Amino acid sequence: MTQSTIESAQGSGVEGRTGRFGDRIFAGLSKGAGVLILVTLAGVALFLFREGYPGINVDPSEMDGSDTFIQYVGPLVFGTIFAALIALAIAAPLAIAVALFISHYAPRRVARTLGYLIDLLAAIPSVVFGIWGIRVLAPLLAQNVYPWLGDNASFIPLFSGSASTSGRTMLTAGMVLAVVILPIITAISREVFLQTPRLHEEASLALGATKWEMIRQAVIPYGRSGVISGAMLGLGRALGETMAVAIILSPSDGYFWSIITNQNSNTIASNIALKFPESSGLEVNRLIATGLVLFVITFGVNALARRVAAAGFSGADG
Amino acid sequence: MSTLATSMTSRRMSNQGHVAVGLATVAVGFAVSAALNGLSPSWVIVWSFMLYPIAVYVSSRILEDRRQATDRLVRVSVTLAFVVVVLPLASLVWTVIREGAARFDATFLTGNMRLTPEDLAAQNGGEAVGGAFHAMVGTLIVTSVAALIAIPLGLFTAIYLVEYGRGRLVKAITSMVDVMTGIPSIVAGLFSYALFVLILGPGTRTGLAGGVALSVLMTPVVVRSAEEMLRLVPNELREASYALGVPRWKTIVKVVLPTAIAGILTGSTLAIARVIGETAPLLVTVGLAQETNLNPFDGRMTTLPVYTYYQYVQPGIPTDAGQSRAWAAALMLVIIVAVLFTLGRVLARVLQPKGMR
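Residues numbered from 1 in each chain as written. Chains lettered and ligands numbered in written order. Predicted model: local features only at pLDDT ≥ 70, side-chain atom pairs only at ≥ 80, totals over all residues. Heavy atoms only, no water.

A closer look at the interface of chain B and chain A
- Between chain B and chain A, the contact holds 85 residues from the first and 82 residues from the second.
- Note on chain B versus chain A: buried area summed over both sides is about 7700 Å², and carbon and sulfur give 77% of it.
- On inspection of chain B and its partner chain A, the count reaches four salt bridges.
- One can count 12 residue pairs in polar contact (both at pLDDT 80 or more) joining chain B with chain A.
- At 19 residues, the largest contribution of residues to the side of chain B that touches chain A is made by helix H4 (residues 66-101) of chain B.
- In terms of residue class, the side of chain B that touches chain A is built from 59 nonpolar, 14 polar and 12 charged. (Contact = heavy atoms within 4.5 Å. Buried area = accessible area lost by both parts, 1.4 Å probe. Salt bridge = Lys/Arg side-chain N within 4 Å of Asp/Glu carboxyl O. Polar contact = N/O pair within 3.5 Å; in protein donor to acceptor, adjacent residues only side chain to side chain. Helix = DSSP H or I, 4+ residues; strand = E, 2+ residues; numbered from the N terminus. Nonpolar A, V, L, I, M, F, W, Y, C, P; charged D, E, K, R; others polar.)

Okay, here's the thing in structure tokens:
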């Protein structure tokens, strides 16, 4: 039915007048809601800039540490990206394996429950992950893993320096971040793996492929772009994750490559969470400016993820 | 022909073979653990798990062929990966229950953190004092504010996208909802703070600001799920309604929304579950208070996640007392999230229109 016939049918109806009036209000409300979302997003950028600008443009001598804004935010940007990449390196392979397990290996009845469990894992508040990380994971690693790495692998820059005895290291933070983003990557990967056309899979099996060969020939090529965009969404989440890092990491000022010591570059989000409640004046503006930087970074990563996903789906159709 | 037949019925590992491989792995695990870590049960398990895929690959390579060996290796690795992922979840749930149960008592559920000198003395003596009632009330208020903003806003936006919108505005809104999904929670908090600086001046903390921050995180989730549900409503229903002369808005209210209500409620419940544990945005917008504050327009408020954070990192003296309260609050949070999550799933099943079940 075309638009004009709908409207003329309504116009001639018994309720014509009130109908049209009600329609105008309802259409206005819903359009207004949509526009409000655009305004909010513009507002996020605008207000962050408005409140952040004094912190960017400040005379360094007025701030403690007398850093310029670039000097201040540099190590934080490094720490943010470093932590997120560690998390991604740990989470992505595991998430893909788990997604494959749920979609192709586990019995179907079990698979549904497992999917539910993974989704629930995604909903657990990050502050709970944070205190679990510092209570359970950090001591475990500090006792069993870091000393060994420090003794035997210190020729690798990542494991150089004196191993932390508290476990409040970049690696611990990265591992907890990995647990936080794992469900996101798993959920998206599982979804695309399940969408693999049945005929592709059966054709492969009929030609004598083993299950793994079938997955390599049919499932992975089909799901590749979805998995990549899922991983990038996970990366975006890791970049912005605050509490787990704030609770676990023992931060220092500067750039640090070693991931098993007590000296670590902080992340932007964690730095804000640690300093904001006690800050005032220009310090607040500077923290908001770092938040703006974080916003720009995550915006870029998410935009890239969507572009990958869009390119992949049009390719799969063609 | 005969070669094909033999290769298809070629040597397969028997069940006894698998058991033998498993036992051999544990034996090697014992040896490695004894050599490297001293003989402890957990290390034996760790080493056995790590060695098992290799053992399977090697034995299958000898008894079967390369393709079967790779297939088995992947199957075992994928299953192990799942176990590795479930371990932290199990450990987390276990830790939260074990540590949280200690202070999950009446004092915790009804008290607040305005502690008198007598309370503090009692605490030093090892008594359980202090609670999180004010934090539960705060979480309820802040989350309600967020839901009151985000659910109507998200629902109307979804209605616009599905029922009314055309052309560039729809495209713009869709992509901006995508962008909003990716906003880090702390940035949403900073935005709300910066907004309320304009209205109330710098340094203020209110429940309302927290609600606004959470609504920024919640709205895109609501839009997404509501949009998806509205698109599932068959067009025939709309057309039948129009054919009876029912105006568009009434069609939406009386036909489209009731059909999609199960999905919309589920989506909204899950969206609430998502934001109810957010800590970072509330840290910068709502702050911390000692007592119950019922007014979202004035003054600081404590919420459960922020309470958990501060009780853990600034537990006071003795440390154990504060940290036990933190774990109890964490247990509360996990229970709330799990209940909301399950409720969402159950709602979806119960409210589904008949015939779509």
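Concerning the confidence of the model for chain A
All names here are of chain A.
- Looking at chain A, the pLDDT average stands at 85 and 91% of residues meet or exceed 70.
- Considering only residues more than four positions removed or in separate chains, one finds that residues 1-15, a stretch of pLDDT under 50, has 16 contacts.
- With pLDDT under 50 throughout, residues 314-318 is counted as low confidence; its partners more than four residues away or in other chains account for one contact. (pLDDT = per-residue confidence, 0-100.)

Describing the domain arrangement of chain B
Residues and elements named next belong to chain B.
- In terms of domain boundaries, chain B breaks down into domain 1 (2-101) and domain 2 (133-351).
- Here domain 1 and domain 2 have C-alpha centroids that lie 43 Å from each other.
- Tallying the contact residues gives six residues for domain 1 and six residues for domain 2.
- Surface buried jointly by domain 1 and domain 2 totals about 480 Å² across both partners, of which 83% is contributed by carbon and sulfur atoms.
- Three residues, Val-96, Glu-99 and Gly-100, lead the burial of domain 1 against domain 2; their summed loss comes to 77% of the area buried on that side.
- Run the count over domain 1 and domain 2 and you get zero salt bridges.
- At the surface where domain 1 touches domain 2, the tally comes to zero residue pairs in polar contact (both at pLDDT 80 or more).
- Each residue belonging to the side of domain 1 that touches domain 2 can be placed in one class, and the counts come to three nonpolar, two polar and one charged. (Domains from an automatic or database assignment.)

Observations concerning the packing of helix H3 (residues 69-105) of chain A against helix H4 (residues 108-123) of chain A
Residues and elements named next belong to chain A.
- Contact pair H3 / H4: the axes reach a minimum separation of 8 Å and the direction vectors enclose 150°. The crossing of H3 and H4 is left-handed. Note on element contacts: H4 touches H3 through Ala-111, Leu-114, Gly-115 and Ile-118, opposite Val-98, Phe-101 and Ile-102.
- Within the contact of H3 with H4, the residues separate by chemical class into six nonpolar, one polar and no charged. (Axes fitted to C-alpha atoms, helices over the stretch in contact; angles between N-to-C directions. Left-handed = near helix turned anticlockwise from the far one by under 90°.)

Observations regarding the domain arrangement of chain A
Residues and elements named next belong to chain A.
- Domain annotation for chain A reports domain 1 (21-57) and domain 2 (73-317).
- Its C-alpha centre places domain 1 at a distance of 31 Å from the equivalent point of domain 2.
- Residue-level contacts link nine residues of domain 1 with seven residues of domain 2.
- Carbon and sulfur atoms supply 80% of the area buried between domain 1 and domain 2, which totals about 730 Å² over both sides.
- The largest contributions to the domain 1 side of the interface with domain 2 come from Leu-48, Glu-51 and Gly-55, which together make up 52% of the buried area.

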